[in-house]
Amino acid sequence: METLIYCRVSSKEQAETGYSLHQQEQASKKFIEKSGFVLGKIFIESGESAKTQDRTELQKMLKYMKSNVGHVTGLVVWKLDRLSRELYDFKSLELRLSKMGIMIHSVTEPNDLNAVGKLSRNMTASFAQFENDQKSERTIAVMQQACKDGRWCWKAPLGYKRVKEKGHSIIAIDTENAIYVQKAFEMAETNTYSKEEIRRELQAMGLPNLKKDKLTKMLNNVLYMGKLKVSWFPNLIDAIHEPIITKSQFYKVQKIMLARRKGGINKSSNNSEFPLKKILRCGLCGERITGSKSTGGGGSKYAYYHCSSKKNCSIRTPKAELEEKFYCLLNDMILRDNALKATIASITSEFDSQKKRQQQLIKQIKGEMQREKQRKNRLLDFMLDGTLGEDDAKVKMKEIDENLLSYEAKLEANKLEDIEIKILINKFKLFSSNFGDWWLNTMDIKIKEQIQSIIFPNSVFWDGKVFRTGKTPLFMRLSGDLNTPMRQWYPRADSNG
Ligand SMILES: [Zn+2]
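In this report, we go over the structure that sits alongside the text.

How each quantity is defined
Residues numbered from 1 in each chain as written. Predicted model: local features only at pLDDT ≥ 70, side-chain atom pairs only at ≥ 80, totals over all residues. Heavy atoms only, no water. Donors = N, O, S within 2.8 Å, 3.2 Å for Na, K, Ca; no water. Tetrahedral: all angles 85-135°; square planar, octahedral: opposite > 155°, others 65-115°. Buried < 20%, exposed > 50% of the residue type's maximum accessible area, 1.4 Å probe, protein only. Core = buried A, V, L, I, M, F, W, Y, C linked by side-chain atoms within 4.5 Å. Helix = DSSP H or I, 4+ residues; strand = E, 2+ residues; numbered from the N terminus. Patch = residues over 30% accessible without salt bridge, like charges linked within 9 Å, V, L, I, M, F, W, Y side chains within 5 Å. Areas by Shrake-Rupley, 256 points an atom, 1.4 Å probe, with all protein chains shown as cover. Salt bridge = Lys/Arg side-chain N within 4 Å of Asp/Glu carboxyl O. Lys, Arg positive; Asp, Glu negative; His and termini not counted. Charge placed at Lys NZ, Arg CZ, Asp CG, Glu CD. Pairing = 2+ DSSP bridges. Axes fitted to C-alpha atoms, helices over the stretch in contact; angles between N-to-C directions. Contact = heavy atoms within 4.5 Å. Polar contact = N/O pair within 3.5 Å; in protein donor to acceptor, adjacent residues only side chain to side chain. Arc of directions from axis to C-beta. Disulfide = S-S within 2.5 Å. Phe/Tyr/Trp six-rings, centres within 6.5 Å; stacked < 30°, edge-to-face > 60°. Lys NZ or Arg CZ within 6 Å of the ring centre and 35° of its normal.

A separate point is the coordination of the zinc ion. Each donor-metal-donor angle in an ideal tetrahedron of four donors is 109.5 degrees, and each such angle in an ideal octahedron of six donors is either 90 or 180 degrees. In this structure, Cys282 (SG), Cys285 (SG), Cys307 (SG) and Cys313 (SG) serve as the protein donors to the zinc ion, at separations of 2.2 to 2.3 Å. Given 4 donor atoms and angles of 96 to 124° at the metal, the environment of the zinc ion is assigned as tetrahedral. Linear spacing of the donor residues for the zinc ion on their chain is C-x2-C-x21-C-x5-C. You'll find Cys307 and Cys313 in the same group, each marked buried.

Written out as structure tokens, the structure reads:
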């Protein structure tokens, strides 16, 4: 016949109330002595979580009790919540012990199992449960706040790792793995590779076992463009971690994937490699000039501009050569005397009207998004009152989500084209005698095209040798040749090429 002792303490409790394991043990021993029990084995839990029954000393004790049924008759604890913090756990544990003929005694709480004693035990356990629940509520509140602050609280996805910063755990770029993410988006945004091809390429680079659905998840993950998507909040949140890819990349990929899912053909509109495509026309037949790449003899690719006419037109100039000529042309352009002010006024008014159009478009898109969100709410209502089956609702919901995504992409695309006019004007002043360098050094294709259209509001014609312009640039003239700005172009009747 022996009575066991079980002690456990949390470090927080120890700091606050000063009841150490040693003190618990002493009080329990005294209790056994006072009650006339026989002291048996002592089990002391240190550093283990109180939340579950996986505690190692507790397990050891239960094992010991099992193999000593009839011999162990009692268990003394400092407080009942030592045994468990979950009501259910405590009840099941109490039942298990009573089946083995073991009574649980608490040093600090009533032990007689009359109605009051039982109530007291249940209440103790209930309070322990309450404390636990509160803890999870607090955890959720903390996580929600972290999200609001832009911190990601869950597992770091491929390309990121967890780091400590000012006491907070945040995610930071894991350079070793971020290259795979970058590669995946780079390939996806060209709209020329299948997911299987992207998957194989990443594998060849050294990323093992990336499943196709994981790749899809990766390409859908807003985390990579520095945003958080959390179900607690309706909108995307700006994250504090560094993005791995740009927003425009992300939305471009979304657009492509959406189009593919819908089975449509989304021809790539990527013209970043041929900035002159939009402005040049063929000097022989007047058709647009476009760009292409072809594989040369040694397998090397080479790019050239050529006439898009179906007729056998001979205009075909290597990309590098034509762009260098265009660069020289721009650098030969200077503003007419006193024309800077007028030019700036003209740019300003052009951009004002462009901005108005843009704002109108944005307003329209936002309206559409609002309507989709309302549709979603109605759908939820229908689902809740049973008007609509869950499966049907899910299909519709997915459709709405896809629409919302495409609107978001549209919105983002319009924001991207919104170039700050002040910056543009300042640049214009800065480069007013050096347009060529401005154009050459600008990496952003959109700005490159803006510069082109400021200087040449209409098309520029290329006949293989010289540039001509349909309309003389308003405020421009060629340096050194005050009287004849540029020769006018007019179509030739017999252009066989
Ligand atoms: Zn032509």
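Let us look at the nonpolar core. One finds Phe185, Leu202, Leu215, Leu219 and Tyr224 to be the most contacted residues of the largest nonpolar core, which totals 35 residues. For this core, the elements supplying multiple residues, two or more each, are α6 (175-189), α7 (195-205), α8 (212-220) and α9 (247-261). In terms of residue count, the dominant contributor to this core is α6 (7 residues). Counting residues in each nonpolar core, the second largest holds 26 residues, with Cys282, Phe326, Leu329 and Ile451 among its members.

Below, the discussion takes up a positive patch on the surface. A contiguous patch of positive charge, built from Lys155, Lys211, Lys214 and Lys217, is present on the exposed surface. Take Lys211: it is sitting in the loop between α7 and α8. For Lys211, a relative accessible area of 59% gives the class exposed.

Bringing the sheet that holds strand β4 (residues 103-106) into the picture now. The strand order β2-β1-β3-β4 describes an open sheet built from 4 strands, whose pairing is parallel. If you trace the sheet from one side to the other, it starts and ends with β2 (39-45) and β4, each paired once. Averaged over all pairs of adjacent strands, the angle between strand axes in this sheet comes to 25°, irrespective of strand direction. Note that strand β3 (residues 72-77) and β4 share 4 bridges and pair parallel. Directly across from Leu75, in β4, lies its bridge partner Ile104. Packed onto the sheet, helix α2 (residues 21-35) meets β1 (2-8), β2, β3 and β4 and runs at close to 155° relative to β1. Helix α3 (residues 56-66) contacts β1, β2 and β3 of the sheet and is inclined by roughly 155° relative to β2.

With respect to the helices and strands, the residue His241 is situated in the loop between β8 (237-238) and α9. Of the polar contacts made by the side chain of His241, one reaches the backbone oxygen of Leu223; its length is 2.8 Å. Those residues in contact with His241 that sit more than four places away from it in its chain are Tyr160, Ile171, Leu223, Gly226 and Leu228.

An order of β9-β14-β15 is seen for the 3 strands of this open sheet, with the pairing classed as mixed. Looking at strand neighbours, the two that pair on one side only are β9 (280-282) and β15 (467-469), the edges of this open sheet. Mean inter-strand twist for the sheet, computed between neighbouring axes without regard to direction, equals 40°. Packing against the sheet, helix α10 (residues 319-332) makes contact with β9, β14 (460-462) and β15, and its axis sits at approximately 55° to β15.

Attention now moves to the pattern of salt bridges. Counted under the stated rule, the structure contains 15 salt bridges. As a salt-bridge pair, Glu57 and Lys60 come within 3.2 Å of each other at their nearest N and O atoms. One end of the pair, Glu57, and the other, Lys60, are both in helix α3, 3 residues apart, so they sit about a helical turn from each other. Residue class for Glu57 comes out buried when judged on its relative accessible area of 16%.

All right, on to the environment of Val163 then. Counting through the fold element by element, Val163 comes out in strand β5 (residues 160-165). Judged by relative accessible area, Val163 falls into the partly exposed class, the value being 26%. In this structure the C-alpha to C-alpha distance between Val163 and Ile173, which are 10 residues apart in sequence, comes to 9.6 Å. Discounting residues that sit within four places of it in the chain, Val163 has contacts with His168, Ser169, Ile170 and Ala172.

We now examine α7. Three or more residues of α7 are buried, namely Ile198, Arg199 and Leu202. Projected onto a plane normal to the axis of α7, the buried residues spread over an arc of 100° and lie on a single side. In this structure, the buried side of α7 is in contact with α6 and α8. Immediately beyond the C-terminal end of α7, within one or two residues, lies Gly206, with a positive phi of roughly 120°.

With that settled, consider the state of the cysteines. Taken as a whole and judged by the stated rule, the model has 0 disulfides. Among the cysteines around Cys153, which has no disulfide bond, Cys147 carries the closest sulfur, lying 4.2 Å off.

On inspection of all chains with the given rule, the structure shows 10 aromatic pairs. Consider the rings of Phe250 and Tyr251, whose centres lie 5.5 Å apart with planes at 85°: the pair is edge-to-face. Residue Phe250 is classed as buried on the basis of its relative accessible area of 2%. Through a chain of ring-to-ring contacts, the aromatic side chains of Tyr160, Phe185, Tyr224, Phe250 and Tyr251 assemble into a single cluster. Note that Lys319 overlies the ring of Phe274, its terminal NZ or CZ placed 5.4 Å from the centroid. Sitting over the ring of Trp439, Lys448 keeps its end group 5.0 Å from the ring centre.

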